[in-house]
Amino acid sequence: MGDMAEAVFYREIRQIKQIHQPPKTIIVNTGASQGTLEDLKFPECAGGFSYKDSCQIGSVVSNRFIVWRAYGDVLELEEECLDYNLLGGSLRCQFQGSSVLDSVSIQETRSHVIVLVATIFSVHRLMFPHPARLSQQRSLGLSSNTEHSLPSIFMDGVQCNLSSPSNCANIAISGTTVSSFPYLATAGLTKEDEAMFAMTTRTGSIILVKLPPGGVQGIVMQHELKQSSMIQRLWSGLVPSVVRGSQEEASASLSICVHQVGPDHLIFTLCRDVKLRIWSSKSHECLMTADLLEYIADTARRCTPGSQDHQLRKAVLPGDGALLLAAFLCFSDGCQFEIFQPSRISGQYHLNHITTVHVLPAVLIDFTFTSTQLWSLWYSEQGEPLLECVPFNNAEGALRGSQVFLDAKKPVDVFFGGERDVAETYLEQIFRPGRFTLQAIAKAVTFFRRSALPPDSAIDAGALREQVVAAVDGETKTIQLQEEEEEGDGEEEVLYEAQVEAWKKFYVCCVQYNEVTMKPLGLVVDRDSGLVGIVRKTCVSFLRPCDPLEHFYMRDGNAAVSSADFMQYALANEDPLVCKDLLYLMESMKLFGSLCAKASDLYLNFESQLSAKVSPQAIADEIVMMVLPSLVQHEGQSDQTCLAEAIQGISSLPDAIDALLSVLDLAKGQPGGLDIDLSVVEMTRSHPSNQLLTSVSGVRLLSMCFAQQAETRLAICKDLLLLQTGVLQTGRSYGLSADTLDYLRSESIERTYEMLRAASALKWMSMTAPSGVNSNVLESNLRQLAVLQTSGLVQRTQMNTFGDSLSLAELFIDGIGGTLAHSLLIQNGFISEAEASSWKLVDPMVTIISQILWPISVSFLFNEFLVVKCQYQELLYYMRSTSWCKWNETSRLFLSAYCYLNLGEPYKAFDLFMEAGDHADEAESFLCKLLAMNEESEGATSVEAHTVLYYLKVIRLFEHFELPDLIITMATVAISVAEDDDPNLAMLWSLVFKYHLELAHYSEAYDAVSCNPDPARRRDCLRQFVVVLLDRRQLSQLVSFTYSRLEDDVVAVMESRARSVELGTHDYYEILYAYHVARGNRRKAGGTMYEYGARLGQEARGLKALQQQARCYLAALNVLRLVSPQYAWVVKSLPTAAAKDVEMLDGDMEGSGGPPVKPLEKKVEVLDLKDIEKEYLLLHAKLKLLQKEADAITHISGKPMSAAETITLLCNVGLFDLAIQISKAFGLPLTPIFETLTSWCMRLSQSSSYSIAQDDALTAAAWDWLDSNETGSQQSAKELTSAEQAWRLLQRYLATYREAADSRYHRCVATRLLALGLTLPTWLVGAYKVVNAPELLRLYIDFDLLLPAAYLAMEYIDAVLGSGKEHFGLKVALHATTPAVWLPYTELDKLLVLLKAVQMEPTYAKLYQDIHAKLNGYFETLQRVSIDMIRTKLQVANTNI
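Analysis parameters
Residues numbered from 1 in each chain as written. Predicted model: local features only at pLDDT ≥ 70, side-chain atom pairs only at ≥ 80, totals over all residues. Heavy atoms only, no water. Helix = DSSP H or I, 4+ residues; strand = E, 2+ residues; numbered from the N terminus. Areas by Shrake-Rupley, 256 points an atom, 1.4 Å probe, with all protein chains shown as cover. Expected span 1.5 Å × (residues − 1). Buried < 20%, exposed > 50% of the residue type's maximum accessible area, 1.4 Å probe, protein only. Contact = heavy atoms within 4.5 Å. Patch = residues over 30% accessible without salt bridge, like charges linked within 9 Å, V, L, I, M, F, W, Y side chains within 5 Å. Salt bridge = Lys/Arg side-chain N within 4 Å of Asp/Glu carboxyl O. Lys, Arg positive; Asp, Glu negative; His and termini not counted. Charge placed at Lys NZ, Arg CZ, Asp CG, Glu CD. Pairing = 2+ DSSP bridges. Axes fitted to C-alpha atoms, helices over the stretch in contact; angles between N-to-C directions. Left-handed = near helix turned anticlockwise from the far one by under 90°.

(A) How the structure looks around the overall build of the protein. Looking only at helices and strands, the protein features 49 helices and 33 strands. About 65,600 Å² of surface is accessible on the protein, with carbon and sulfur atoms providing 52% of the total.

(B) Here's a closer look at helix α45 (residues 1304-1315). Counted at 1.5 Å a residue, the expected span for α45 with its 12 residues is 16 Å, and the 16 Å between its end C-alpha atoms agrees. Considered for burial, the residues of α45 that qualify are Tyr1305, His1306, Cys1308, Val1309, Ala1310, Leu1313 and Leu1314. Considering only its buried residues, α45 is in contact with α42 (1231-1245), α44 (1282-1296) and α46 (1322-1342). At the C-terminal side of α45, Gly1317 shows a positive phi close to 80°.

(C) Up close: a negative patch on the surface. On the surface, Glu889, Asp921, Glu922, Glu944, Glu979, Asp980 and Asp981 cluster together to form a negatively charged patch. Owing to a relative accessible area of 32%, Glu944 belongs among the partly exposed residues under this scheme.

(D) The arrangement of the sheet that holds strand β22 (residues 323-331) in detail. Spatial strand order, β21-β22-β23-β24: four strands in an open sheet with antiparallel pairing. A strand with exactly one partner marks an edge of an open sheet, and here the two such strands are β21 (311-316) and β24 (348-359). For this sheet, the mean inter-axis angle between neighbouring strands, taken without regard to orientation, is 25°. Both β22 and strand β23 (residues 334-345) contribute to a ladder of seven bridges, which runs antiparallel. Paired with Cys330 across the bridge in β23 is Cys335.

(E) Spotlight on helix α17 (residues 696-729). With 34 residues, α17 should cover 50 Å at 1.5 Å per step; its first-to-last C-alpha distance of 49 Å lies within 8% of that length. Of all 34 residues in α17, 30 are buried, a share of seventy percent or more.

(F) Inspection of the packing of helix α13 (residues 616-627) against α17 at higher detail. Their axes nearest at 9 Å, the elements α13 and α17 cross at an angle of 60°. You can see that α13 and α17 cross each other, and the crossing is right-handed. For the pair formed by α13 and α17, the contact residues are Pro616, Gln617, Ala620, Asp621, Ile623, Val624 and Met625 on the first element and Leu721, Leu722, Thr725, Gly726 and Gln729 on the second.

Dropping the structure here:
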C-alpha cells in the first residue's frame, strides 16, 4: 500500500519494580582522588545490550538483555529476562574517584559476556559467564535453581581479577588541565579477544588503549591519535599547557564509535567542526575526513552550533553486515539526523548519504537506529519526555513517522464522592497496581515525617501503608489547627477540609517523586527480536505496537488516515464504505469526547461513577446535558457544526456503530465460542514456547498490555455512549432519520451499555490488587475445593505473596491464564518451534488473555481462579458488577454463596445456595464440573438426581464449616426433592440423623434412623445414636424409645460398645444391665454382669477392679436367682482378645494365597448358678487375701488362680475356714489345709513365749488369723494361748470334717507331728483310736515308737475282748452272739518282731511278754467263742429241722 501505510504506532509499557533485589557491590580502586571526581561532572547515562539469540524461542537468552546505568563513579548492571526469573541479576561497580564515561560496551563471546568500562583515569574489562554456559552447569547439577528461575551472569560477581594487568590499566594523560582528560569513549573486542578502548579529549586527540586477551599475561598498549599541523605541534611542545589554556580544538570529537573491518578496527569520530573522521587502530592514521555540511542543503544557515553536541551512532545491516552511521546534527536554527553508509572504493573510504530526518527543536536524550527505523528520545520544551520513531528504507523519499505514546504523567486530582472516605480513596489510588513505585511513596513519607529513607530491600508494602496513614494524619492535624485559628469554622468541616488538603498534598508529592524515579536515561533496542526499551532511572519500560483499536483511536487527530488503513488492520470487513464510516465515527466520538471533557469533570470521573454503581445512562445524560449548552460559536465555526459534519459524513450510522461494536466484542457475537477446554494445556505442555513471557517481568508486561488495551476499549465505549446519547438528545439536528434514532434508542445503545460494562470489568481486573491471604486460609480453601472435587485450576504461581503492586489480571496471567494463553497460541498456529521473533507474539497473546477474561462469555475460568486464590471480596464485587451478564447465572449464585460462606456469613450463603439449587440442572460448564466429576454422579440423569448431587456438594461445604443447622435444613430439602429410588437418599437421612444428634435433638435423630431406607446405614446410625446417648449419659432418653424391630440391634450395639471399649473408662455394662432389668430380661441382665465381671478379671488390675468384679458376680447371682431355675444360666465365650486373634488368623490365611483354612469355631460354655458361685468364692478369697497382705496386690490381681492355688494362699495367711469352703465347693481334699494348720500349731507350740498378754510377733500374727476362723463355741476355764487356740481349731476341724471310717485327715495330722518327732496330743490319740486304731498302731510302728505302739496294742486287744471297746470305736466285743471283730495281726506281728529284737531292754522284754500273754488270752477266748458259735449255729439248725 506504499510507504504511507507502513507506519506503526507504539505504546509504552512502564515496568514498575516494587521488589528490588539488593545489588551486589564491587569496589574498584583506580588510584584517583575524590577531588578529581568533584571537578569533572558527567551526566547520567544508560544503555543496553541484547544477546544474539534473544529472538530464539526456548533459548536461555530468549527475551534476555542487559541494561546499564552510569552516574559519577558508579556503574550499575542489571540483567533482565522476560522468560525466566533471574537470581542475583543486579551488580553495582564503584570505581573510586574516577567518573565512568558514556558508551559502556558489552560484548558477547561463546563462553563469556564482557563488559568494557572506561573511566577518566582507567579502563576495565569485566568478564561474566555466558548464560549458555550457566545453563550447561545447571543441566549438570552444578547450580541450584527453581523451576522458573535461572542464575544471572551477575549472580557470582566478576569471574576475573579486576586488578590484574590484563583486565585493567591506568591511562597516561599528557596534561594536567581538564581538557587533557578523556570525556568520551568507545570500546570493542578484536578477533584476538583483545579489549580496545578509544577515548577522546577536548584537545582533539584520541587515546587508544589495548588490553591483552583475558587471562593472558601481556602488555597494555597505549597510543595517542591526533591530526595536527606543524605549527600546532610546535606550540604544544614549546608552550606549557598552563599558558596555552584549555581552549577546545575544532577537531575535538563530540561523539565516537568503533567498528571492526577485517583485521582492523575503525574509529569514527564526529567532531566539533561537523566533520566525520575515520581512524585506523592498526595504522594509527586518519583514513578519511568528511564534512557533513556538504550533505546539508543551505549550508550557510547551518554553520552555527546549537545548544547540544553532535552525536554519532552506528548500526549493522542484517545479512551482509554492512555498516550504517547516523549523525545527529544540532545547529542554532534546527536539528536533523543524517544517515550514511560508509564504503571503501579503491582503498579510499567514502560516505553514501541515505536519508535526512528533520526533527522539531527539543533536547535529545539518546537515540539509536536499526536498518529500518530511527528511534530518538527527547525532552520537549515543556520538559516532557518524547520518543519518536521514523522508519526508512535506505532510499530517499518522504518518511512517515510512527507515533509513540509514552506513559502520561499521573493526574494530580483524585475524584471521590461524598460517600467515600477521603483516606480510603487516596490510599486506593496511591497503592493501585502500577501507579507508583514503593520508593517514590517511601520518599514522600520521609518528606512528610522528616525521617531517613529505608533501603529499597527494607520497604514493605503493608508497613508502608501504615506509615502513609500516620504521616498524613500528622499533616492533617497541623493543617486543622491552622485553619481553626484562622477561620473558626465547625470542627467537622475543618477536619474534612484538612484531610482533603493533606492527602492531596501527599498525593502530589508521590507524583513528583515518581516522575523523578521514572526519569528516562537511554534506549535499548534488540535489532533481532524488535524489542525496544527505555532505560529509566529505576526500571526499564518497553514499547509495543498498538493494536488496531489503539492505533486508530489514540492517533493524533492531524495525522492522515485513509479507509485503507482500517482494511489493512481488519477492523471491520472488506467493504470500503463501512471502513470509511468507521473513520468518521471515530472522529465524531473523539470530537464529542473532547467537548465532554472540557464541559464536565464527570467525563474524567466516568469510571469512578460506574464503580459507585451509578447507571451508565444516568452518567451519560448528566454529562451530555452539561455539554450541549457549550456547543457555541468558536473561530467562525461552531463545535456543533464540526460535529455535525463528521456525523453527516457517515453514510450509515447504524452500520458503522454495529461494525465498531463487533470490533469491541471480543466474543465476536458468539459467547459460546469462548468456552475453553483445559485439556489443551496437557496437549501442548512439552512445547518449548511454554516458557515465553513467564517471568515476573514477562507476566507484568502482559498485564500492563492487557490494562492498556482494556483502558482503550473502555474509553471507546464511553465516547460511543456519549455520542449516541448526545445524538438522541439533540434530535434530528444532525440530519438523522427517525429509523436511525429509533435504532440507536432501542438496540444500539443497549449493546453499547453491554460493551461498556464488559470493558469496565476488564479494566477493574487490571487495576485491582488482590487481598492478602495467609497460609491457613489457602489450606482451608484447598480442602474445600477437594470437597467440591473441582480440581485442575490449582496451579503454581510465582507471586505467592500478594503485594500492592500486583493486580488480579497479573495474578491470573501468572497462573492458569498465562498457561492457557500459551497453549491456545500453539494450537492456533501463532507459535512454531522455529518462530523468528517472540516479541511479535505479545499482541496475540494479550488478545487471547482478554478473550479468556471477557465477561460476555460462557467461560467461567476467571471466577474459578479467584476462588482458588481466596479472593472472596474481589469475586463478590466482580460478580455484582457483571450481574447483567445472562451467562452462568447459577454458577455466579453458587460462587457468591461460597464467598459469603468463607467471609463468615453462612445464612446469606445458605439463601444463595438454595436459590442456585432451583437451577442446578443448567448446562453451565462450572455446574457440569461440579456435578459430573465424581463417581457419585454416575447414573444421575434426571433433574432431581442432579439437584440432589448439588445439595450434597453444598452440604459437604457446610460440614467443613461446621454448620449443623444449615446442613439439616438443606438435607431435608434434598430429601423432599429426591426420587424414591435415589441412591443418595440413605446418605441424606444419615446426614439429618448425624446433625440432629450433634444438636441433641434426640427424637428427631431417632426418627431419621427409623426413616433411613438402607439397612446397613440404619444400623450404623443406630449404633452412633446409642453410643452418643451412652457417652452423654442420656440414659432415660435411651430407654424411652420403643425401638420395636430395632430392639435386637440396640442390644447388639450396646453389647458391642461395651465389649470394644476399655474397662474403667465407661460403665456400658452397668447401663446394659439396667436396660435389661428395665425391660424385664433378667437372664440377659445376669449374663451382662457376669461378662462384665469376667472381663474385669481378665483385663483389669488392682483392688478396685477385684471389688467391682465381686459386685458384678453378686449382681449376676441375685438377678439369676429371680429367674426360673431352668433358665438360670449364662453363656461364657472366648475372651475378646482371643476372638480377635482368631479373626486375624483367618484373615492372614485368606490373604496368604495358600489353601483355604476352615474357620475356627467359637467355643462357649454354659454356666449355672453353682459355677458362678464357685468363681465368686475364688474372687472373695482374693479379696480376703488382699486384706491380709496388701503387698501381694500385683500377684493376686494378676492372672486367674486355680482353686488349689487359692487354697494354698489362704492356708498361708491362716484363712482356713474359707479354704475349707472352697475345697468343699470344688470337691478338693482338705489334706493341704490340715497339713498347714498342723504346721502352724507346731510352730506356735514351739514358740518360746506362752504369755497371753505379751505374745511375740509369731503369736500376735497367730491371733490375727485365729480371729478370722471359727474356733468353736466351747468355753474354757482359763484363757487359752494362741497355740492352745490353734490346737483347739485343729481339733474342731478333725471332729467336724471327719467322715465315717475315714481317717485320712487324722493320719495327715499324726504323720506331720510324728515326722517332726513330736508326741501326739492325747486328744488326737483318743480321736484317732476311735476312727482307726490299727492305722495309728501302724504309724507308731513306722516311726519306731514301740512303747506307745505296745500300749496301744494291748489296749486294743482288751477292747476287742470287751474292756474299753467304746474308746476304739468298736460297737461289739468278742462274743459268740455278736458280729465278728478282728485284730491287726500284721501290725501286731511287726510289733512283736521289733520288740523281740530289743529284748535286751527290760522294758521292751516285759512288753513283749505282756503282748504275748494278751495275745494268748485273746486266742483262748477266740477259740472258746468260736466253739460256742459253732454249737449255737448247730442248735439253731437242728431246731429248724
